[in-house]
Each structure stands twice: as structure tokens, then as C-alpha cells.
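# Structural overview
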Amino acid sequence: MMEPSIYDVAVIGYGPTGATAANLLGQLGLKVVVIERDPDIYGRARAISTDEEVMRIWQSVGLAERLQQDMLPDRPISFVDADGRSFINLTIESHGTGHPPQQFLYQPAVDKVLREGVDRFPNVEVLLQHECLRVAPKGDAVELMLADLRADTFKRVQASYVIAAEGGSSPTRGQLGVGYSGRTYAERWIVIDTKVKRQWDAHDRLRFHCNPVRPTVDCPTPLGHHRWEFPARAGEDDQKLVQHEEIWKVLNAQGITEDNVEILRAVVYCHHVRVADRWRVGRVFLAGDAAHAMPPWIGQGMSAGVRDAANLCWKLATVLRGQAPDSLLDSYQAERKPHVTEVTRRAVFVGRIITEHHKIIAALRNGAGRVLTRLPAVMTQLQKFMWVPQARYEDGFLATGHRAAGWQIPQPWVVDTKDAAVRLDDALGDGWALLYTGHAPSGSRAWTELGVPAIRVIGPQDGADPAVIRDRDGTLLRWLQSKDAPAVVLRPDGFVYAAAQSGQPLPPPPAGFSGNTVTASSKVGASA
């Protein structure tokens, strides 16, 4: 074998998590190799929804608008009883990130756009039909042994760091000896993907049919697709259930006929609730399903992996550029695992509502739901408890001492220094930033000397000033006021690293931090 090629980061797996990581790392100018066993995009639609925070991540790599073209935003959600009558209706409220709070998607279309995004970066090499057989430490790097499945040959590559995002059965996790604790539910579910031929009533909403006899998920997906999911009963044959004759029995019971849809495929799967014991082993990091698996009830499996990539990639770039010590990377699991755990808990809770088999308990559930639905304030609180929590880190790479630290800042539309109306993140770029209202806080000089821009935020009523950002409707200013934080330091991922009250100094830069991330003009190919 030839001498190994050397990269900054190797990404194993080219699903949404790996492709998002490749886009983020490529945009940051790192030399990256992506290793994927399959020859093309996986054709079956697995993930069916995402949320506003993930769209914000994809915005950061310039793909949100293109992805939005193939998504269904803001569709209502209904929990219905055995007779098809709703007892809970939800419309997911926004957390203020500048994107629709709930999106239905067709995963093959998402994968295609993400991979086209990677093609923009000459510093990212993609090796399809390559299988990673082994990862092993080698000095200040990791050596990967690859099998080229097309040529039936072997090759070695080296990378400073590795992101293993090759799914729940992750061979890398197994090689590293990392446990994957939790449980797999014994109940098998049948997933039916269809092509819509003629629409029907309620075709455009997510419906959880909470029938104790046969609970069913009925979900719209874009580009003319629709999905159903239902559990196999005890004693039923999985292989029989995926035959068209049996599928039509379930669909016909909901009034769906061959005039409405064409069955594309049906598969059997089980739900998992599992978390890897360690997400970092030396220079190798687990991400996405390789690090955690959750049931599908609130559509967060894929989204959790994308969040992993967003948390990890800027930190890898910062360390590789010598702007922070390697210990920064220890904050990855500390920050992401609590959020994953909470999202999983909520998904399990929603699943219990949907799949309750006891008829008396189900009747009580239905009645309580109808009462709560008539109380908007209560329903708002119920949604906050059931659905995706707001983005916040309570521990990790944060300056302690202020309650704003760890929150992701909202993203309103602002007028930037060039007098253009843009989303906040587009105005700030992808580096660190210091935002303040009023006068620059004491302690800001320590940040600006390291290349962190200090930017004043003004309101819609203030006079024109080309050196500031104008908050067009006051959303950002109200948020800063609610946190008692007239000055905040933002990390490259939009989370507040540090904040200060009025008259108080900003905390100093973290130990070992030696400068801002690279600017957009110097990213691509910087380390090639």
C-alpha cells in the first residue's frame, strides 16, 4: 500500500449527520475525507421531520433556502381517537430562530442537497463504496484502514480527528469498545412509504391515531409522498404484514384506497432508546445514531445528529488552528448528551400517549386531551413539555456566573452594517462575536484584541448608524433584556459563552483562546 493520505478530519458515514459535518468542516477550510460504504444515497425515506434549529444549522452552510423548497412547513399535528376524532391539536410554536418551527421532509431529497453542498468544497474528498475496517491511534493522528469495494483493494488514510457517524450499528463504536446502553422495544413496527395519487381530507397534517387496538402514525411528506406506521400485534408474521394485501387492510380502515396512493415500500423496524457510554475516545468522536438512538415520536433522530455535527465541527476547527487547547473537545459530550437525554424522554412520553393499549386509560386520555385543548395557555405549556426543548447548554464550554450563558440567541431579521436586511447569523458570520446595547462594556477590549468584533445592537426606533446592527422589530433587544444581558459573547454556533449585566465587566476570554475563527474569504482550501 502507498503512504497514507493525511487529512484534518475523517468523517465515517455520509448520511445527514456526516454530510452536515462535511459541509461545516469544508466551509471552515479543513482538509476532510468522507468515507461511505454505499454507492449512492439510501433510497428509503427514514427521517420525516426536522425543526427550526436544524434549519438554522443548514443556513450556516448556505443550504437552508434550497432545502426549504422540498419541505412542508408548519403543518398541524392531531392526536385522534379510534373513531378518528381529535382530542389534542398542536401547532408547534417557534423558538425564534428565523425558520419554520416544524418541517416535514423526504430524506432522500435532503441527502441529495447536502451532498451537492459538499461538492462546493475542493478541500473535501468523498470516498463512496469504501468501508472503514479499522481505526487506530498513530501518534498525533488516527490511522484508518479502508477497503475499496469497487477495486477490491485496501488503502490507509490518516486524520488528526475522526467523526464516526455511520449509524446505530456503528462498527467504529464496536472497535473502540464503547458500550451502547439502553433498551430496544420488543414491539415491531411496519413503515409504509407511498406516492400520493389523489389527495384526501387531512392529507396535509400529521395524525397520531391513538387506537388501543392498532395505533397508527399517518404523516405527510413532501414531493408527493405520504407515510404510515403501525405496530405488529402479538403473533402476527412480519413478512406477511409487509405484503400489499395486509397493508391495504390498514389503509382501507382509514378510508385510503388505491385511488389515493401507490405503495412504494414497506419495512419492519424496532424502536431503540440507547446512548453510547462515551462519545469521545482519544481523537475519535461518535455522532448521530452512533452516539444515541431515540424513538421517532417527535421526529428528532436525524435532527439530534445534525446538532451533534454543529456542536463539534467548529470546536475541531478551532483546535486544529491552534486557537484553543484540545481540552475544548471534551465539552462536546457534556453539552450534547443532556439535550439528547431530554429529547429522548419527551419522545418516549409522546409515544406512551399514542400507543396506550388499555381502553379505559385511553378513554381518560381522550377526555383530558379535549379539556386541555380548550385552554390555550395550558396547551402552550403542554407543548413545551412534550416537544423539542429550546436550545440550551447548562454545562460545558461556558463562562459561569450569568443566566444567559448557555442559551442559543434568537435569530431575528436585522439590518446589517451594509444596510441590507438579513438574518442575524448572516450578519455576524461564523466566528465569535460580542454584541452589546448602549455603551461597550468593560472587559470588551480583551475580546477585541483577539479579533472578536464588538457590535452594537440598536432598535427600530433609533437613528441611522452604519456601524451597528439594527434589530428591525426589537426581538433581539427584548431577549437580551429578558436575560438582563446588555452584553453577550457568542460562540461560533450562536450560543452565549459569556454575558454581563449593566455596569458589570464581561468575563475574560477562556484560557488558551488565541483568536477568532477564520473569515469567510480565507476558508476554503486553507489547509489543503
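As a reminder, the structure under discussion sits directly above these lines.
Notes on the structure follow. Please read these numbers as outputs of a predicted model, since none were measured by experiment. (Residues numbered from 1 in each chain as written. Predicted model: local features only at pLDDT ≥ 70, side-chain atom pairs only at ≥ 80, totals over all residues. Heavy atoms only, no water.)

## Regarding the pairing of strand S11 (residues 153-164)
Note: strand S1 (residues 5-12) against S11, seven bridges, orientation parallel. When the sheet's bridge partners are listed, Tyr-7 is paired in S11 with Ala-159. Alignment of strand S10 (residues 141-148) against S11, held across seven bridges, turns out to be antiparallel. When the sheet's bridge partners are listed, Met-145 is paired in S11 with Arg-156. By the bridge criterion, three bridges tie S11 to strand S18 (residues 284-286) in an arrangement that is parallel. Considered in S18, the bridge of Val-162 is made with Val-284. (Pairing = 2+ DSSP bridges. Helix = DSSP H or I, 4+ residues; strand = E, 2+ residues; numbered from the N terminus.)

## Considerations on the pattern of salt bridges
With the rule as written, the count across this model stands at 28 salt bridges. In this structure, Arg-280 and Asp-330 form a salt bridge, with 2.7 Å as the shortest nitrogen-oxygen distance. Pair noted here: Arg-280 is in strand S17 (residues 280-281) and Asp-330 is in the loop between helix H8 (301-320) and helix H9 (331-354), with a separation of 50 residues, a long-range link. Residues joined by salt bridges that share partners form a network here, namely Lys-315, Glu-335, Arg-491 and Asp-493. (Salt bridge = Lys/Arg side-chain N within 4 Å of Asp/Glu carboxyl O.)

## Things to note about helix H2 (residues 52-60)
When you tally the buried positions in H2, you get eight out of nine residues, the bulk of the element. Among the residues of H2, those classed as buried are Glu-52, Glu-53, Val-54, Met-55, Arg-56, Ile-57, Trp-58 and Gln-59. In this structure Asp-51 caps H2, since a side-chain oxygen of it lies 2.9 Å from the backbone nitrogen of Glu-53. Backbone geometry just downstream of H2 places Gly-62 in the positive-phi region, at approximately 75 degrees. (Buried < 20%, exposed > 50% of the residue type's maximum accessible area, 1.4 Å probe, protein only. Polar contact = N/O pair within 3.5 Å; in protein donor to acceptor, adjacent residues only side chain to side chain.)

## Things to note about the environment of Phe-495
In this fold, Phe-495 is placed in the loop between strand S25 (487-490) and strand S26 (496-500). Residue classification places Phe-495 among the buried residues on the basis of a relative accessible area of 3%. It is 32 Å that separates the C-alpha atoms of Phe-495 and Arg-183, two residues lying 312 residues apart in sequence. In this structure Phe-495 touches Glu-53, Ala-391, Arg-392, Tyr-393, Gly-406, Trp-407, Gln-408, Val-489 and Leu-490, once residues within four positions along its chain are discounted. (Contact = heavy atoms within 4.5 Å.)

## Observations regarding the side chain of Thr-50
As for its placement among the helices and strands, Thr-50 is situated in strand S3 (residues 49-51). Only 2.9 Å separates the side chain of Thr-50 from the side chain of Ser-303, close enough to count as a polar contact. Apart from residues lying up to four places away in sequence, Thr-50 is in contact with Met-55, Trp-58, Met-71, Pro-101, Gln-102, Gln-103, Leu-105, Met-302 and Ser-303.

None of the figures reported here should be taken as evidence of function without further support.
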